[in-house]
Amino acid sequence: MTPEIAERLKLFDEDLVAFAPFVAAKDAIEENLQLFRETGVARHMLILGESGTGKTSLCDWVERINPPIHHEERDQIRVLIVRVPPAVSVGGIAEAFLNALGSFWAQRSSVPAKTKQIILLCRKCGVELILLDEAQHLKDRGDTKSQYLIADWLKFLLDELALPTVMLGLPRLEELLQTNEQLRRRFSRRVFLTLGQDDAGSVERECLQLFTSLALPLNLPVRRGPFNNTDFGCRLHYATDGRIAYIKKLLFAAFRKALLQDLQAIDIPLLAQAFTEEIWREGIGKLNPFNEQFVFRSLDRGGEPFERAHTGARRRGRA
Ligand SMILES: Nc1ncnc2c1ncn2[C@@H]1O[C@H](COP(=O)(O)OP(=O)(O)O)[C@@H](O)[C@H]1O
Ligand SMILES: [Mg+2]
């Protein structure tokens, strides 16, 4: 691979595009931050989306817009991103907060001592917004008792901090809120990162738009023939479940192949190959959305790429 090709692939991988649900979620967060800065009122919200819908990228983007401010005495961390570890206990989540605040001393101390330290450091560091990424892990500890404890502790901490807080996670995160009515009330605002929420257009069209805006900077045409726009949008939706991570994977693989083989365009056979190699190895023939014989159904059955665990949570943005 030439350095020029490597550079083009890297730029493509890092580039962030402003697609509608992503921008809506970013605006909602900024609105809460602004409200807090102007009035001191702390509003909370949930941002929900399946894996690969852009939650972590959104946290990074918000942090990039509001970077730490360097002061002589201590830097001001305006946006505190806490990445919740898997199957976490109250002590574990308290430690994750402390680590995000740059403190590692508290590993052996009690939960009340850690909690006090979190509150103190958030004040000292001038935190204005908390983003709890992978927040579904707060409910993955299994037994209901731990979930009650975590929800109670979180409610207590957020009340003490009085800072706007966003929990970002998989849709099953909503189940955590079922265990604590007060926490549920505080997080009654929900924003979904899924495509298909725009009443004016179909999810397939949105998917095609997102694909097009990601493909635009590649400077390589995409030939969708023999399919028309509607058909191609529909196939893209089945191939990616409308998740940006999969759309990007598909394009990345097709783009890489095109560059390496010195092709003049990305075409349907290239996308079909990319689907099998990057998204689903068994996705061939009628199970490949870019094949003319495709069965036109969601690929979410057992063993398929978009298989979902049943959670009872509402599914949004599906065709
Ligand atoms: N707005 C965006 N523009 C371009 N790529 C994005 C955007 N949001 C997410 N991605 C890409 O999608 C992939 C998954 O994103 P990520 O934020 O990790 O999703 P999640 O946290 O929901 O699982 C990453 O490769 C990321 O670069
Ligand atoms: Mg993530």
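Residues numbered from 1 in each chain as written. Chains lettered and ligands numbered in written order. Predicted model: local features only at pLDDT ≥ 70, side-chain atom pairs only at ≥ 80, totals over all residues. Heavy atoms only, no water.

Asker: Please clarify how the overall build of the protein should be interpreted in this entry.
Answerer: Tallying secondary structure elements over the protein gives 12 helices and seven strands in all. For a compact globule of 319 residues, the expected C-alpha radius of gyration is about 20 Å, and the protein comes in at 22 Å, within 12% of that figure. Along the first, second and third principal axes, the C-alpha set of the protein runs to 65 × 45 × 40 Å. Here the protein holds 319 residues, and the buried ones make up 50% of them. When the accessible surface of the protein is summed, it comes to about 15700 Å², and 48% of that surface belongs to carbon and sulfur atoms. Positive and negative side-chain charges in the protein, numbering 43 and 42 respectively, have mean positions lying 4 Å apart. (Helix = DSSP H or I, 4+ residues; strand = E, 2+ residues; numbered from the N terminus. Rg over C-alpha atoms; globule rule 2.2 N^0.38 Å. Buried < 20%, exposed > 50% of the residue type's maximum accessible area, 1.4 Å probe, protein only. Areas by Shrake-Rupley, 256 points an atom, 1.4 Å probe, with all protein chains shown as cover. Lys, Arg positive; Asp, Glu negative; His and termini not counted. Charge placed at Lys NZ, Arg CZ, Asp CG, Glu CD.)

Asker: It is not clear to me how the pattern of salt bridges should be interpreted in this structure. Could you clarify?
Answerer: Close approach of charged atoms allows side chains with opposite charge to pair. Evaluation of the coordinates by the stated rule reveals 17 salt bridges. The closest approach of N and O atoms between Glu14 and Lys10, which form a salt bridge, is 3.4 Å. With Glu14 and Lys10 both in helix 1 (residues 3-14), this residue pair falls four residues apart, about one helical turn. In this structure Glu14 comes out as partly exposed when scored by relative accessible area, which is 48%. A residue is classified by how much of its surface remains accessible, and Lys10, at 44% relative accessible area, is partly exposed. (Salt bridge = Lys/Arg side-chain N within 4 Å of Asp/Glu carboxyl O.)

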